[in-house]
Amino acid sequence: MSDQLTDAVVTVNDVQIGIVPGSLRYSEGLGERRILPVSEGGGRVSQVFATNQETAIGRVRFALRSTPENIDDVRQWQQNRNRNVIQIQSEDGLGNRLVRSFTQAAVTNDPEVPFSPDGTIELEWGSNTAV
Amino acid sequence: MESESRVALTTLVAYASPKGTVEQATFVVLRAPTSDAFAPAAKLRQMLTRAFTSVARENQLARARLVAAGGEIAEPRAEEQDVAGEKLSATDVISALSVSDADLADVLATVRVLMLEHGVALLDGEVKFTPTTFSRLSLSDFQTIAGEYLATFCLA
């Protein structure tokens, strides 16, 4: 039995970054799925499985504190376009590990930089399907 | 002094390439330090010079004691004399440091500073090391890289 994962080591382009606690989430990018019914007559119904390829994009979201270093990093990641690599590594208290890599990642939103004591920079990424 | 040297990795190192993919580095290119790295470069040169000087002095003392005790010292063979002036190998440098008065850990730590903060080592000749990728480097490969760097840029 595993424990709930609550934090992770996040690296962008092999540089470890510090994120706002609880802000990290991701989607594998395997795409939304549908079960489509098929009538075979005589009351029998089978199914067809379909994947929506339009949604087969990896997604990563996390937030950063508004520090000069983080602001410069965000700008550089945006300038890299879709040539970033994100890696997420996490481990529960029992030693069970999770590792995911998101290649050809790009910042897909236009992040706002807040100037306030508790402001954060919200980042949304799109990438290849997670491996 | 050579401007570049290449070291093959025995353990591949995964890294994020500038194309946005994950690649497995098979070699590291070492570059000569620039003036920005004068402090760690000078520290290494001084440590190496003192280490090799002490090793040479110990060898001389050992030869003198042997002669005083009536022993004979074999003259070096022709092929051994031709070795003088040739570049030392990475293994030779690390081995020599290991038996000298030099603090080998301090030497390796200084090489690490050059790799991480001054970009003297490039994975696959294109990407600088970060603390993350450095942690993936095997100890054996790191020592080979350090020895090659010292032999190429500090002893030349």
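See the structure printed just above.
All figures in this text were calculated on a predicted structure; none of them were measured in a lab. (Residues numbered from 1 in each chain as written. Chains lettered and ligands numbered in written order. Predicted model: local features only at pLDDT ≥ 70, side-chain atom pairs only at ≥ 80, totals over all residues. Heavy atoms only, no water.)

*Asks:* In this structure, what is going on with the packing of aromatic side chains? I would like to understand it.
*Replies:* Given two aromatic rings, one states the distance between the centres and the angle between the planes to describe the pair. Taken as a whole, this structure holds six aromatic pairs over all chains when the rule is applied. Ring centres of Tyr 26 of chain A and Phe 102 of chain A lie 5.4 Å apart, and the angle between their planes is 70°; this geometry places the pair in the edge-to-face category. Here Phe 102 of chain A lies in strand β8 (residues 97-107) and Tyr 26 of chain A lies in strand β3 (residues 25-27), a separation of 76 residues in the sequence. Classification of Phe 102 of chain A as buried rests on a relative accessible area of 0%. With centroids separated by 5.0 Å and ring planes inclined at 75°, the aromatic side chains of Phe 134 of chain B and Phe 142 of chain B adopt a geometry described as edge-to-face. Taken individually, Phe 134 of chain B and Phe 142 of chain B each receive the classification buried, so the pair is uniform in this respect. Connected via pairs of aromatic rings, a cluster forms that spans Phe 62, Trp 77 and Trp 125 of chain A. The ring centre of Phe 134 of chain B lies 4.9 Å from the NZ or CZ of Arg 112 of chain B, which sits over that ring. (Phe/Tyr/Trp six-rings, centres within 6.5 Å; stacked < 30°, edge-to-face > 60°. Helix = DSSP H or I, 4+ residues; strand = E, 2+ residues; numbered from the N terminus. Buried < 20%, exposed > 50% of the residue type's maximum accessible area, 1.4 Å probe, protein only. Lys NZ or Arg CZ within 6 Å of the ring centre and 35° of its normal.)

*Asks:* Looking at this structure, I do not really get the sheet that holds strand β6 (residues 58-65) of chain A. What am I missing?
*Replies:* Residues and elements named next belong to chain A. On the basis of which strands lie adjacent, the open sheet formed by seven strands has the order β2-β1-β7-β8-β9-β6-β3 and antiparallel pairing. Because the sheet does not close on itself, it has two edges, and the strands there are β2 (15-17) and β3. Each adjacent strand pair in this sheet contributes to an overall mean axis angle of 35°, direction not counted. Strand direction decides the pairing type here: β3 and β6, joined by three bridges, are antiparallel. Note on β6: the bridge partner recorded for Tyr 26 is Val 60. Where helix α1 (residues 68-79) meets the sheet, it contacts β1 (9-12), β2, β6, β7 (84-91), β8 and β9 (120-127), and its direction lies at approximately 25° from that of β9. (Pairing = 2+ DSSP bridges. Axes fitted to C-alpha atoms, helices over the stretch in contact; angles between N-to-C directions. Contact = heavy atoms within 4.5 Å.)

*Asks:* Help me out: how do you make sense of helix α4 (residues 104-117) of chain B in this one?
*Replies:* Given 3.6 residues to a turn, an α-helix orients residues that are three or four positions apart in the same direction. Residue and element names in this part refer to chain B. Taking 1.5 Å per residue as the helical rise, α4 with its 14 residues ought to reach 20 Å, and the 20 Å between its terminal C-alpha atoms agrees with that figure. For α4, every residue scored as buried is listed here: Val 107, Leu 108, Thr 110, Val 111, Leu 114 and Met 115. On an axial view of α4, the arc spanned by its buried residues comes to 160°, and they lie on one face. Along α4, the residues that are exposed and aim more than 90 degrees away from the buried face are Ala 105 and Glu 117. (Expected span 1.5 Å × (residues − 1). Arc of directions from axis to C-beta.)

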